[in-house]
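Letter by letter, the chains look like this.
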Amino acid sequence: MQVDTRWFGTVDIDDNKIVTFDLGIIGFEDCKKFTLIYDVEKGDEAAIMWLQSLDEAALALPVMKPEFVYETYDPVVEDELLKSLGDDIQDDNIRVYCALTVPQDITKMTINLKAPIIVDFDTMKGIQLIADNSEYKVRYPIYDILKKEEN
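Residues numbered from 1 in each chain as written. Predicted model: local features only at pLDDT ≥ 70, side-chain atom pairs only at ≥ 80, totals over all residues. Heavy atoms only, no water.

> What exactly am I supposed to notice about the overall build of the chain here?
Within the chain, the secondary structure is distributed over two helices and eleven strands. Reading the secondary structure of the chain in the N-to-C direction produces β-β-β-β-β-β-α-β-β-β-β-β-α. Radius of gyration (C-alpha) of the chain: 15 Å, near the 15 Å computed for a compact globule of 151 residues. Taken along its principal axes, the extent of the C-alpha atoms in the chain is 40 × 40 × 30 Å. Considering the chain as a whole, with its 151 residues, one finds that 43% of them fall into the buried category. Restricting the contact set of the chain to residue pairs at least 6 apart, pairs at least 24 apart contribute 53%. (Helix = DSSP H or I, 4+ residues; strand = E, 2+ residues; numbered from the N terminus. Rg over C-alpha atoms; globule rule 2.2 N^0.38 Å. Buried < 20%, exposed > 50% of the residue type's maximum accessible area, 1.4 Å probe, protein only. Contact = heavy atoms within 4.5 Å.)

Dropping the structure here:
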């Protein structure tokens, strides 16, 4: 399927790469279908990926696996909410991403550890939840961490 995007032009997306968010994501509840766009050479190990909406061409959220910047990341979420991903959730097929905020001054870049985006790649369903962990911030600074990883 071909999808027109604002930031990446026209992109070919396999139907089996479409993630459905039945509840949408926070702030974009009307957008239900997404795909992950990333540097093909790096595969799913790319540091920054884009959660591209298939419902709204201009909506592409930069996301990252939180363990790149917070090794012990372990969000506490209600099991009941995870059931929307499927009946038989296997940890091997679950991926957790967190949205990034990249302002004009890139040194102020942050990651939202408070609201993880969880995707079950078996069912291709996703959900964004609010973690119960009090230590996780909505705007956790990461520029210095990423610069250190680069070296």
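> Looking at this model, I keep getting lost on the pairing of strand β7 (residues 94-101). Mind explaining?
Both faces of the sheet carry side chains from a regular strand, because those side chains alternate between them. In this structure, strand β6 (residues 60-64) lies alongside β7, joined through two bridges in antiparallel fashion. The partner of V63 across the bridge, within β7, is A99. Inspection of the sheet shows β7 paired to strand β9 (residues 117-120) by four bridges, in the antiparallel sense. Of the residues in β9, the one forming a bridge with R95 is V119. One ladder, built from two bridges, connects β7 with strand β8 (residues 110-111); its direction is antiparallel. (Pairing = 2+ DSSP bridges.)

> How should the packing of aromatic side chains be read in this particular structure?
In this description, an aromatic ring pair is defined by two values, namely the gap between the centres and the angle between the planes. The tally for this structure, following the rule as stated, stands at six aromatic pairs. Pairing F8 with W50 gives two aromatic rings, centres 5.7 Å apart and planes at 65°, and the pair type is edge-to-face. Separated by 42 residues along the polypeptide, F8 in the loop between β1 (2-5) and β2 (9-12) and W50 in strand β5 (residues 49-53) bring together distant segments of the chain. Judged by its relative accessible area of 31%, F8 falls in the partly exposed class. Relative accessible area serves as the criterion here: at 30%, W50 is assigned to the partly exposed category. Between F21 and F34, the ring centres sit 5.2 Å apart and the planes meet at 80°, which makes this aromatic pair edge-to-face. Within this pair, whereas F21 is found in the loop between β3 (19-20) and β4 (33-37), its partner F34 is found in strand β4, the two being separated by 13 residues in sequence. In this structure, F21 and F34 share a single accessibility class: buried. Ring pairing ties together the aromatic residues Y70, Y73, Y136 and Y140, which thus form one cluster. (Phe/Tyr/Trp six-rings, centres within 6.5 Å; stacked < 30°, edge-to-face > 60°.)

> Whenever I open this one, unusual backbone geometry confuses me. Can you help?
Excluding glycine, most residues fall at negative phi; most peptide bonds, likewise, are trans. Even without glycine at this site, M124 takes up a positive phi of about 55°. The residue M124 is located in the loop between β9 and β10 (125-128) in this model.

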